[in-house]
Amino acid sequence: GIGAQSDARFRRFRSTIAATWKTQTLDLTAAGLGPLAADVLVEELLGLPPSHRPWLLHLDRNMLGDAGAVALARLLRASPTTQSLSASSNCIGPRGALEIFEALLQDCSLTSLDLSSGGTPAERNV
């Protein structure tokens, strides 16, 4: 049924996270993540001790949208050691970008942020 399919997808998602996380880097580029997956990802990462959370997040070419950006902002607020967030080509609009920028106003060590919409990367040093 639907519940079993959701459980199986969640287990695959968790194993993907484990398989792509190497030495403080989490690369889920083009992993088909939507807003719900972003929320689950953030909850999983927030469940880890701060010293075990990734410093570098690569989430480019997914479908996070504004709701996914809100989840990422929650992670940035709770993980001041995050150094880089790359989330280009994710359909993040003004609302989502504002949430992320407001998170940066707190104690944050982010030095690289990419929220470009595609094409040529518009990396912005913070």
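See above for the structure.
Bear in mind that the values here come from a model prediction, so they are computed numbers and not experimental data. (Residues numbered from 1 in each chain as written. Predicted model: local features only at pLDDT ≥ 70, side-chain atom pairs only at ≥ 80, totals over all residues. Heavy atoms only, no water.)

Caption draft 1: Expanded view of helix H4 (residues 94-104). Restricting attention to buried positions, one finds in H4 the residues Gly96, Ala97, Ile100, Ala103 and Leu104. For H4, the angular spread of buried residues about the axis comes to 120°, placing them on one side. Where the residues of H4 are buried, they touch helix H3 (65-78), strand S4 (84-86) and strand S5 (112-114). (Buried < 20%, exposed > 50% of the residue type's maximum accessible area, 1.4 Å probe, protein only. Helix = DSSP H or I, 4+ residues; strand = E, 2+ residues; numbered from the N terminus. Arc of directions from axis to C-beta. Contact = heavy atoms within 4.5 Å.)

Caption draft 2: Highlighting the side chain of Thr82. Along the polypeptide, Thr82 turns up in the loop between H3 and S4. In this structure Thr82 comes out as buried when scored by relative accessible area, which is 1%. Not counting residues within four places of it along the chain, the set of residues in contact with Thr82 comprises Pro54, Trp55, Leu57, Leu76, Ser109 and Leu110.

Caption draft 3: Main features of the pattern of salt bridges. What the rule picks out here adds up to three salt bridges. With a closest N to O distance of 2.9 Å, Glu43 and Arg74 form a salt bridge. Of this pair, Glu43 sits in helix H2 (residues 35-46) while Arg74 sits in helix H3, and the two are 31 residues apart along the sequence. A residue is classified by how much of its surface remains accessible, and Glu43, at 44% relative accessible area, is partly exposed. Arg74 sits in the partly exposed class, given a relative accessible area of 29%. (Salt bridge = Lys/Arg side-chain N within 4 Å of Asp/Glu carboxyl O.)

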